[in-house]
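# Residue-level structure breakdown
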Number of protein chains: 2
Amino acid sequence: MHRSILFICSLFLCLNYSAQAQAPTFTQVEPGIFKAIIGKPDNFNLLNAAGAIPYHAGLVEMGNAGFPLNKADISATVVNGKTYLRFPLTRTEQLYGFGLNFQTVYQRGKILTLHVDNYAGKDNGRTHAPTPFYVSSSGYGVFINCARYITVYAGTAVRADSKTPAEVLDRNTDKNWKSHPYSDAVEMLIPAEGAEIYIFAGPTPMDAIRRYNLLNGGGCLPPRWGLGFTQRVQRLTDAAGVTAEAKAFEDKGYPLDFIGLEPGWQSKSYPCTFDWDKTRFPDPKALVQDMLKKNIRLNLWTNPYVSPEAPIYKTILPYTASHTVWNGLVPDISLPKARDIFFGQLETGKVDIGISGYKMDEVDGGDGYLWPDVAIFPSGHTAEQMRQTYGLMMQRYVTELYHKRNQRTFGLVRASNGGGASLPYVIYNDYYNHQDFITALINSGFAGVLWTPEVRASKTSEEWLRRFQSNIFSPMAMINAWSSGTKPWTFPDVAEQVKQLANLRMQMMPYWYSEFAKYHFQGIPPFRAMNLEPGFNSTQGIKVVQTKTNLEENPYEESVSKEIKDQYMAGEYLLIAPMFTGQNSRTIILPKGKWFDFYTGKFAGDGEVITVTPGLDKIPVYVKDGGIIPMMPPLLHAPKANQQVDLEIRYYGNKPGTYNLYDDDGETFNYEKGDYSFRQIKVTKQNGKITSSISNAAPGKPNSFKNITFKMMTE
Amino acid sequence: MHRSILFICSLFLCLNYSAQAQAPTFTQVEPGIFKAIIGKPDNFNLLNAAGAIPYHAGLVEMGNAGFPLNKADISATVVNGKTYLRFPLTRTEQLYGFGLNFQTVYQRGKILTLHVDNYAGKDNGRTHAPTPFYVSSSGYGVFINCARYITVYAGTAVRADSKTPAEVLDRNTDKNWKSHPYSDAVEMLIPAEGAEIYIFAGPTPMDAIRRYNLLNGGGCLPPRWGLGFTQRVQRLTDAAGVTAEAKAFEDKGYPLDFIGLEPGWQSKSYPCTFDWDKTRFPDPKALVQDMLKKNIRLNLWTNPYVSPEAPIYKTILPYTASHTVWNGLVPDISLPKARDIFFGQLETGKVDIGISGYKMDEVDGGDGYLWPDVAIFPSGHTAEQMRQTYGLMMQRYVTELYHKRNQRTFGLVRASNGGGASLPYVIYNDYYNHQDFITALINSGFAGVLWTPEVRASKTSEEWLRRFQSNIFSPMAMINAWSSGTKPWTFPDVAEQVKQLANLRMQMMPYWYSEFAKYHFQGIPPFRAMNLEPGFNSTQGIKVVQTKTNLEENPYEESVSKEIKDQYMAGEYLLIAPMFTGQNSRTIILPKGKWFDFYTGKFAGDGEVITVTPGLDKIPVYVKDGGIIPMMPPLLHAPKANQQVDLEIRYYGNKPGTYNLYDDDGETFNYEKGDYSFRQIKVTKQNGKITSSISNAAPGKPNSFKNITFKMMTE
């Protein structure tokens, strides 16, 4: 008895004094990646939901790096069943990441609850991929491998015992009083009894991101055809309509690599049968095979919610959640039994007849549509854990259907999370703000995901063209006409410009494909923020907007600093500065170092803010000094495996340039067994003399290029 | 060993199969109030944080009533440390409550996370008083006595095993497909291992509300002066400025009962010293006493965050949270030691020199200002529990300072919660939408709180007057000029109208005071929704707005039904229909039964929608048939204890009318010992003959009225 009283007393003390935070113990798990286990982490987490296997070779190639923070400044405590984490933050650091944000790039000063959800217009942590990963401008990264709703105080919480306390001012009289005092920490609250922490060394922020992506298994490498042009047809389009659509593209000379079928391919949807509608699609196999002959693939929309009329309804019922979504059962795909049934249904009569991939809708939110947090799943995973991982698991297990066929897929998904970088899916949503789409593209590079600023419909031909221009400089060039039925030529006055843009997309395929290879093998995000670009000075051209003094309505008024979120980097060399509807001109920040016009090769500026008036037809694009862009002819479809295409290597500026041109069969996973090549391109200019070269692919390795020519873009 | 393995196995089974929900066991704890204890509830909850003691006599007077729901339809389960609750919901029920919402009255279909916070423009559960109480149109109420962030699915979650399943339709082809299928339950998720549930019987929704308020101890009874007129002066006003302000009111003939001093009374603020600024207030006691002689009281603004320069800083330090707010320590006022120091400081040199009360600011949110959820409090209560109860505790312990002096107080607070109905505070905030202020006034009656649509500043004299008109028909008639420095006469062209309105407020004091007595003794909210009014048909005049078909931007489009949230009931007999800036006319729904114009006594309508064009000077107000409004002369200050005033009893319509006129000394808590009177007023009209009477106060009981006259308003 005495002992148990003592035990209770010490427990009581523990609860009361557990604020005495502990510095966690970190172990290096990969070069430059350090892991600590806090408390008793959930068995089910982001990395194992995603099935992530670190790309060890890539991490080894990056080399070792020491622990990037002062370990004593990191603390972790488990109190009352929750995990409290603290990471240091110095005065000058900026923070990036915390998932796919749509309106902000700078995350310092934010309070977020990371929660998979449909983006609802506010960067509050609820988004399609709320990756619990952040990277600091000081050159390190932090990832929390936990499938919970994590609350993050990104430099907002102020501790009473801080060693670097904020200055205390009197609001009555001191004009320098601030509504948000200085905070020297990132703090997190995890509603679980533990978590795994990963710290990524730099020395640069890009290094930390690369290590994060490589821990995920490296970024995804889409099939070559995935980087062509995609058309998603109106939702009730039938087989004849699909054939007609493909023919129209061919006849009009617009590139097309895959067609997406929307809900109407299924006999019923919302909830879904996962079964072809026999009226609209009497012979799906014949259609798919006929399209494949034309080098056009088909991709199928679905959400995972099982209709009472689905063939799998009865067999999957025991493996579904307590609550329904749109009256459909929610398969507990963390259970092997449920997966066998559910993904078996997606395979039979779809993958096995040649369907190239899926678009997996509505695995994100909003709360009013998805399963509630009170839902019970038969695996015992909570509704919260399932919400944080459902999109990851959908991606993983559909990818596995293709992997076992040694066939690559490339699809769309509405939710992802940490651990999913290697899964070949692009995130999309129902939001439709062009500017915010670009911010999402920027933030995708901090979140280990891909994002498409898809084009759906437009009020004017100007908007149509402007959206299209940024769309072709993104991971998936696509029109999603599920509702509108739009085509590339829907606005006749810009139909030709759209065709030129789609052709440009095809011409740049060697560049995009090589950049995705770098995402895979090196972890470098193909689309990313200017802030990761050496020589970019984020204070250039920045506007500090002082809010109007109106204490009646805004008693804690403060100034708002505007971030640069309307230009981004695409691959190694390109700076993209989209134009938005209504704009005739815009400013562009050119980082330090010379930059050249993508179209003309002319010098554009060096470490300065320029103003351009490009006209309606052009999206401003700039190439770094020494930049090399490999291009092919504008084919209507991506080259097939072993098909050789001409290669034009464009060179910009004056500095010696190098480029690693990637090549493989473009369709299989043979690259995982070494069946690929990187060919070194070099161009130098000295005393007006130009030297250019490209190395050969090693014997027996892929070689897709013939008639290789160099084009000097800058005179 | 075998046993512990068995134990672990059974635990595992328990986790997996605990979805088998249990019907909780309810015990009647008061007449018509039933309580169930689920799992292991927190020791620290809303009712005990508020110090609520049920007003048993009032509940007994209401009489017994049976359990209002089918007990088998209620389920409660504790899984993985969280509590899952489910309550039934029939097809036709509407739900009200879930705290102080600002934009909606109907809560069915909502998903809310009840969380004390600054209202940020969306009814999502984050508000100043997120009371976990709802009332059904079917006539029962449900209260969760738990200081956690409770997630509520108010008729949104759909169970796979529902006995009343929603109809399954095909979205591909069926035009009746709905994005939100029918749900037959209110479900809640509580992040704790248990909770206390209270069910309140009807038979009417008003009965359930009354029982809830009486469980809280009955609604608060303000001092009589609290119902007069209040001016909060500009934040840096000094003693001379306060004296001048009072004199200006006197000279110009505007009523004034108390003046609020804003942050500048303290030597430093944000964080606070809780100490008079000796420059601006060299002799606070002399000022307070001088003002009291003029029958004007002083109320002090504060927030609870302790400046390093506060006299109590060092002594309170051990009893404060790990994190600061505006660099101020956060006292853990759940600890007696912290309370002694903190409330001792609020008492000494303030309450004890005659300060009449406090305005307790910033105990609500937002997250970026308040302590973070990672804060640790020395009591061991979590930051979440402290967030949900801090406002309650501030109200409770300041009230106790006054209660021990047998002196009533009436103040302002920015946060409250379930359990706080008896605490004499009115909620205010920084939001400033006149329409939404009225919605909040309506919802306050469902949440056991009071709310003031305070007037701060206005862009035009029209806005000033319109805001003022609804302000005087609210719990606290007040100008909050902390920033603007506005006065009632700031807009000269409406200064006279404002004076008339302030005078009307004073004239109606006997009515307001009696209505608050009914709040206290009977639990009837003085300000409340039309939906609680018999004969109100909420479908009258309702507009169903079909959203525009734009699947590009709103793929799950649905119709939105507009609620009536621009008119409300004030006390037993009055219907208030505020006018908003820019309106010249408006529609008003008059419930079944005759209604008469408050100003003229003329018949206005009966169970119909009328349109009125009242002009700028008038706010439309209607009196129920047989309505009796007791009024006094427009004094400049509330009558003092034992001061007798003339009484004019206005009678409207034709039906026999009755009224319970309340009386006590208006200042002390002697009413708690029975030192009060209810006097029965009766008026009948028969065959043109009018009979009117008022009963006498019992011998020795308060009697504040002389020269009692009756005025027949309707000819």
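Above: the structure in question.
A short tour of the structure in this document, coming up.

Moving on to the environment of Thr 658 of chain A. Residues and elements named next belong to chain A. With respect to the element layout, Thr 658 can be found in strand 31 (residues 657–663). According to the relative accessible area criterion, Thr 658 is partly exposed, its value standing at 44%. Each residue touching Thr 658, except ones within four places of it in the same chain, is listed here: Glu 572, Tyr 573, Gly 626, Ile 628, Ile 681 and Lys 682.

A few words on the pairing of strand 29 (residues 628–631) of chain B. All names here are of chain B. In strand 29, alternate side chains face the same way, and those of Ile 628 and Pro 630 on one face and Ile 629 and Met 631 on the other are all buried. Note: strand 29 against strand 30 (residues 645–651), 4 bridges, orientation antiparallel. Bridge pairing in strand 30 links Pro 630 to Ile 649.

Residue and element names in this part refer to chain B. On the basis of which strands lie adjacent, the open sheet formed by 3 strands has the order 29-30-34 and mixed pairing. Two strands close off the open sheet at either side, each with one partner strand: strand 29 and strand 34 (705–712). Direction aside, neighbouring strands of the sheet carry axes that sit 20° apart on average. Sitting on the sheet, helix 13 (residues 509–522) is in contact with strand 29, strand 30 and strand 34, with an inclination near 115° to strand 29.

Only a minority of non-glycine residues have a phi that is not negative, and only a minority of peptide bonds are not trans. Between Gly 365 of chain A and Gly 366 of chain A the backbone carries a cis peptide bond, its omega angle lying at -10°. With respect to the helices and strands, the residue Gly 366 of chain A is situated in the loop between strand 16 (357–360) and helix 9 (383–403). Here the amide bond leading from Tyr 270 of chain B into Pro 271 of chain B is cis, since omega sits at 5°, within 30 degrees of zero. Positive phi outside glycine occurs at Trp 326 of chain A, with the angle close to 45°. As for its position among the elements, Trp 326 of chain A is in the loop between helix 7 (313–316) and helix 8 (336–347). Positive phi values are uncommon outside glycine, yet Phe 274 of chain B reaches one of about 60°. Tracing the backbone through its elements, the reader meets Phe 274 of chain B in the loop between strand 14 (258–261) and helix 6 (284–293).

Before going further, it helps to examine the environment of Glu 608 of chain A. Residue and element names in this part refer to chain A. As for its placement among the helices and strands, Glu 608 is situated in strand 27 (residues 603–612). The sequence separation of Glu 608 and Phe 527 amounts to 81 residues, and the corresponding C-alpha distance is 22 Å. A polar side-chain atom of Glu 608 sits 2.7 Å from the main-chain amide nitrogen of Asp 606.

Further remarks concern the interface of chain B and chain A. Between chain B and chain A, the contact holds 77 residues from the first and 77 residues from the second. For the pair chain B and chain A, the interface holds 2 salt bridges. The salt bridge partner of Lys 82 of chain A is Glu 384 of chain B, with a shortest N-O separation of 3.5 Å. Between chain B and chain A we count 31 residue pairs in polar contact (both at pLDDT 80 or more) in total. When contributions to the side of chain B that touches chain A are tallied by element, the ones reaching two or more residues are strand 4 (82–88) and strand 11 (185–190) of chain B. The dominant element in the side of chain B that touches chain A, judged by the number of residues it contributes, is strand 11 of chain B, at 3 residues.

Let us now look at the sheet that holds strand 17 (residues 411–413) of chain A. Residue and element names in this part refer to chain A. Reading across the sheet, the 8 strands line up as 19-18-17-16-15-14-13-20 and stay open at both edges, with parallel pairing between neighbours. Looking along the sheet, the strands with just one partner apiece sit at the ends: strand 19 (450–451) and strand 20 (477–480). As paired elements, strand 17 and strand 18 (residues 425–427) share 3 bridges and run parallel to each other. In the sheet register, Gly 411 faces strand 18, and the bridge partner there is Tyr 425. Lying on the sheet, helix 5 (residues 239–252) is in contact with strand 13 (229–232), strand 14 (258–261) and strand 15 (297–302); it crosses strand 14 at an angle near 150°.

Reading the values: the criteria
Residues numbered from 1 in each chain as written. Chains lettered and ligands numbered in written order. Predicted model: local features only at pLDDT ≥ 70, side-chain atom pairs only at ≥ 80, totals over all residues. Heavy atoms only, no water. Helix = DSSP H or I, 4+ residues; strand = E, 2+ residues; numbered from the N terminus. Buried < 20%, exposed > 50% of the residue type's maximum accessible area, 1.4 Å probe, protein only. Contact = heavy atoms within 4.5 Å. Pairing = 2+ DSSP bridges. Axes fitted to C-alpha atoms, helices over the stretch in contact; angles between N-to-C directions. Polar contact = N/O pair within 3.5 Å; in protein donor to acceptor, adjacent residues only side chain to side chain. Salt bridge = Lys/Arg side-chain N within 4 Å of Asp/Glu carboxyl O.

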